[in-house]
Amino acid sequence: MSRSLERAEAGADPPRVVPRFFSCLIKGPLGCLFFALGAVVVIVLLLPPALGRVLDRTLERWFEERHAGSLELSDAWLGSLYGPQRIERVILRDPNGDEVLRGELHAPSLAELFDRSHRFGPIVLRVELLHLVEDEDGRTNLERALEELPRALQPPERGGLSTDVPFEFELEIVVARLRSSSAEGKEAQLEDLSFHGLLEWGPAATHLALEGGTDPALVHALRARVELERVEFGPRRPLGAWKSALVLEGAPSALAHTLCAPARPLALLAGERTDRLSWSRDGQEVALLLEDEGARFELLGEEQGGIVSGPKGSVLTLRLPCANVPGRALLAALLPLVSAFECADPSASHELRLTDYRWPLDGDWSALSGELELGLAPSQANFASWPRELATGAFFESLSSPLRIGVHAGILEYSQFEIPFEEGWLRIDGTLELANGLGDFLVSGERDGSVIVPLRITGTRDALAPEAAGPPPIPGAPEVPR
């Protein structure tokens, strides 16, 4: 199967083959939620050539030769034309040997494949426990378990499977318990999840749709839908390219950000549960929509090397209601010297716009670039203890134009950044690194008719200290040793 995929990547006309489902799920966020589906599909598609031989050890070796984790199968009865098929124990482990998933698989007799309906199922996977743990680098134990080994280490494939007749496979996945732990230590647990779907395998395309969640009658019900499509023949999109979509509603935020890597940079804005998260990919075109506690973020663009960008002049917009507590923390982090931030009108909203953006999907802020505009509602700000003349509240008046901040390689660049308040104005020149919070600012201004003596303030955001005044740092220029 991988030989056909390599030919497609090289630009050759590939034969019509069944795609590598593990591969497609690994390379997108959908695999984080539905590894179980990948296991079901692979096993089902490998059943016909496995007639008359033991499959469990063969499949275990096949998996370990291609993936960093390990798969354990036991008490398997497969390839039967007369009775139901089953694998009583399915265990997935990460590269450290820690258990990620434990369950069992059941399917009808293979005789159903040979009737005239070409419909097989239901294939039922019952998962006792799916435990997702996010590392500090943002990857989950499931992603590490399914990580593909370098192609040089993989054995050569001896061919793939193809079909000239369309087939349909009914799928059912039941998860008794799903636990997730984010890198920040947030944990979530869900019980009794149920998903139903259909896999359509035909000569021209392969299509999968799966949806479900917790009991809709629950106060905090989770609904999820995943869809995958790959064209094997036809003009709709490049051959072998996957189109994928994931929608989560009412998911615990710790789980949502663990499952959907592109949403992790926005974890700060999430409440206990995420109202709606939608992620899709069609070739290089990607779209992300996040709605939670009134906040709304939408990302549209083309992805290359993990970075999303749009045509010149494209704008990313983040709407933050004043009532959104995490949003106030975000704004305080973007405004140098501000330790607290409160809106004068709780019903108002702020709007952040990033023009000509380069947005990293994995949260690596060293790749973030653009021109940031802050459209602030009237707000009350408390400044940090430096300089002492500003250690008091200041009212932000309605601004005739947004506050602008340059962003280059993950560094916020403040150039003649002025904040007006009732008794005067404040000007900030300097830089702030998003990754580590290191700031270097020259602060000047006027208060009650008196000039504020310029001060240079450096250090981490939570531990700023003044230095003797010097020339303001030039955004983007190399630092001059002091």
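Thresholds applied
The residue numbering used here restarts from 1 in each chain and proceeds along that chain's sequence as written. Thresholds applied to this predicted model are a pLDDT of at least 70 for local features of residues and 80 or more for the giving and counting of side-chain atom pairs; totals over whole chains, interfaces and linings are not thresholded and use all residues. To obtain the side-chain values, all non-hydrogen atoms of the structure were used and water was disregarded. Under the pairing criterion, centres of Phe, Tyr and Trp rings, with the six-membered ring standing for Trp, must be within 6.5 Å; the plane angle then separates stacked pairs below 30 degrees from edge-to-face pairs above 60, leaving the rest tilted. What counts as a helix is a DSSP run of H or I of at least four residues, what counts as a strand is a run of E of at least two, and both are numbered from the N terminus. Between buried and exposed lies partly exposed: a residue is buried under 20% and exposed over 50% of the maximum accessible area for its type, with that area taken using a 1.4 Å probe on protein chains only. The disulfide definition used here is simple: a pair of cysteine sulfur atoms within 2.5 Å. Pairing between strands is defined by DSSP: at least two bridges between them are needed. Any two residues having at least one pair of non-hydrogen atoms within 4.5 Å are treated as being in contact.

**Observations regarding the packing of aromatic side chains**
Move 1: Applying the stated rule across the entire model yields seven aromatic pairs.
Move 2: Ring geometry for Phe 297 against Trp 359: centres 5.2 Å apart, planes inclined by 35°, an arrangement best described as tilted. Of this pair, Phe 297 sits in strand β12 (residues 295–304) while Trp 359 sits in strand β16 (residues 349–360), and the two are 62 residues apart along the sequence.
Move 3: The class of Phe 297 is buried, set by a relative accessible area of 5%.
Move 4: Owing to a relative accessible area of 8%, Trp 359 belongs among the buried residues under this scheme.
Move 5: Ring geometry for Trp 359 and Trp 365: centres 5.6 Å apart, planes at 80°, overall edge-to-face.

**Quick notes on the state of the cysteines**
Move 1: Following the criterion strictly, the structure yields one disulfide and no others.
Move 2: Sulfur-sulfur distance for the disulfide between Cys 322 and Cys 343 comes to 2.3 Å. An S-S torsion of about -80° defines the bridge between Cys 322 and Cys 343 as left-handed. Taken together, the positions of Cys 322 in the loop between β14 (315–321) and α8 (325–334) and Cys 343 in strand β15 (residues 338–343) put the pair 21 residues apart, joining distant regions of the chain.

**Section: unusual backbone geometry**
Move 1: With an omega of 5°, the peptide bond between Gly 121 and Pro 122 qualifies as cis.
Move 2: Within the secondary structure layout, Pro 122 lies in strand β4 (residues 119–133).
Move 3: Positive phi, normally seen in glycine, also occurs at Gln 416, with a value near 50°.
Move 4: Inspection of the secondary structure puts Gln 416 in strand β21 (residues 411–421).

**Some points on the pairing of β12**
Sheet faces and side chains relate simply in a regular strand, where the side chains alternate between the two faces.
Move 1: Here strand β11 (residues 285–292) runs beside β12; their pairing, made up of eight bridges, is antiparallel. Each residue of the ladder has a partner; that of Glu 291, found in β12, is Arg 296.
Move 2: As paired strands, β12 and β14 are joined by three bridges and run antiparallel to one another. Bridging across to β14, Phe 297 finds its partner in Leu 318.
Move 3: Strand direction decides the pairing type here: β12 and strand β13 (residues 307–309), joined by three bridges, are antiparallel.

**Brief notes about the environment of Gly 305**
Move 1: As for its position among the elements, Gly 305 is in the loop between β12 and β13.
Move 2: For the pair Gly 305 and Gln 284, spaced 21 residues apart in the sequence, the C-alpha separation amounts to 10.0 Å.

**Let's talk about α8**
Move 1: Most of α8 sits out of view: seven of its ten residues are buried.
Move 2: Buried residues along α8 sit against β14, β15, β16, β17 (369–375), β20 (403–408) and β21.

**Points about the environment of Arg 461**
Move 1: Tracing the chain through its elements places Arg 461 in the loop between β24 (450–460) and β25 (465–467).
Move 2: In this structure Arg 461 comes out as partly exposed when scored by relative accessible area, which is 24%.
Move 3: For Arg 461 and Glu 433, which are 28 residues apart along the polypeptide, the C-alpha to C-alpha distance reads 9.4 Å.

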